[in-house]
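So you can see what is in the structure, the chains are spelled out below.
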Amino acid sequence: DTEVTQTPKHLVMGMTNKKSLKCEQHMGHRAMYWYKQKAKKPPELMFVYSYEKLSINESVPSRFSPECPNSSLLNLHLHALQPEDSALYLCASSQVRRGAVNEQFFGPGTRLTVL
Amino acid sequence: AQKVTQAQTEISVVEKEDVTLDCVYETRDTTYYLFWYKQPPSGELVFLIRRNSFDEQNEISGRYSWNFQKSTSSFNFTITASQVVDSAVYFCALSDNTDKLIFGTGTRLQVFP
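Residues numbered from 1 in each chain as written. Chains lettered and ligands numbered in written order. Predicted model: local features only at pLDDT ≥ 70, side-chain atom pairs only at ≥ 80, totals over all residues. Heavy atoms only, no water.

Colleague: Outline the interface of chain B and chain A, listing residues and values.
Modeller: Between chain B and chain A, the contact holds 21 residues from the first and 25 residues from the second. Buried surface at the junction of chain B and chain A, summed over both partners, amounts to about 1,800 Å²; 57% is from carbon and sulfur atoms. Scanning the region where chain B abuts chain A turns up two salt bridges. The salt bridge partner of A:E58 is B:K100, with a shortest N-O separation of 3.2 Å. At the surface where chain B touches chain A, the tally comes to five residue pairs in polar contact (both at pLDDT 80 or more). Put simply, the parts of the chain that give the side of chain B that touches chain A at least two residues each are strand 5 (33–39), strand 6 (46–52) and strand 10 (88–95) of chain B. Sorting elements by how many residues they give to the side of chain B that touches chain A places strand 5 of chain B first, with four residues. Residue classes in the side of chain B that touches chain A are distributed as eight nonpolar, eight polar and five charged. (Contact = heavy atoms within 4.5 Å. Buried area = accessible area lost by both parts, 1.4 Å probe. Salt bridge = Lys/Arg side-chain N within 4 Å of Asp/Glu carboxyl O. Polar contact = N/O pair within 3.5 Å; in protein donor to acceptor, adjacent residues only side chain to side chain. Helix = DSSP H or I, 4+ residues; strand = E, 2+ residues; numbered from the N terminus. Nonpolar A, V, L, I, M, F, W, Y, C, P; charged D, E, K, R; others polar.)

Colleague: Break down the environment of B:C92 for me, citing the residues and quoting the values.
Modeller: Residues and elements named next belong to chain B. With respect to the element layout, C92 can be found in strand 10. Between the alpha carbons of C92 and T20 there is a distance of 13 Å; along the sequence they are 72 residues apart. Leaving out residues up to four positions away in the same chain, C92 has contacts with V4, Q6, C23, F35, W36, I102, F103 and G104.

Colleague: I'd like a description of the packing of aromatic side chains, backed by residues and values.
Modeller: Inspection of every chain in the model, using the stated rule, returns 18 aromatic pairs over all chains. Ring centres of A:F64 and A:Y89 lie 5.9 Å apart, and the angle between their planes is 35°; this geometry places the pair in the tilted category. Pair noted here: A:F64 is in strand 7 (residues 64–70) and A:Y89 is in strand 9 (residues 87–94), with a separation of 25 residues, a long-range link. Pair check on accessibility: A:F64 and A:Y89 agree, each one buried. Ring geometry for B:Y64 against B:F77: centres 5.1 Å apart, planes inclined by 90°, an arrangement best described as edge-to-face. Note that B:Y64 is positioned in strand 8 (residues 64–69) and B:F77 in strand 9 (residues 74–79), a separation of 13 residues in sequence. (Phe/Tyr/Trp six-rings, centres within 6.5 Å; stacked < 30°, edge-to-face > 60°. Buried < 20%, exposed > 50% of the residue type's maximum accessible area, 1.4 Å probe, protein only.)

Keep in mind these numbers describe shape, not what the thing actually does.
This is the structure in structure tokens:
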């Protein structure tokens, strides 16, 4: 199994809603990532988990709350979002190897619209 | 500071033409990694290649080839005999031995039949 899955594919939410994005991989990767991508822009890193611990938070607003329940799952909890948070949210995973940077494998993304 | 520049915003070619996508990077590190990803209209980023700074050998994979030149800080990508299915946005990315990928702004390639 060499894929990263994300659910849902599309999500529309109001500014007062609470929702969660889910990501799953079964490649045995121990690093997982959340990216945000606005239209016609490159992906921007939000969070990195390494061995289920948060290792990088790119100064993301607290209305985005990541969670890594186990080595295969990554969630992104959303609360009180703003319309400008509408974007494609991409999850990725990679192997962790000391002294090397490995390629990241991306899921298909969740297209989020905040009304 | 690290930076990746993809000066070509959009390229249009006709099927079977060869096309080269340029990537120029900046880093102060001696150890770094370069990547190319393809993003078709469906949205998923597809990994194409990873190259570390100590390996300057060019690589060919089918119709795809990559030219890594440290002297000019470039990592260019050539598609030979392009096909309509090659239409996508292509991102070049750089990592300095951390988990962070620095992406270029991307080049949108349109291949017309």
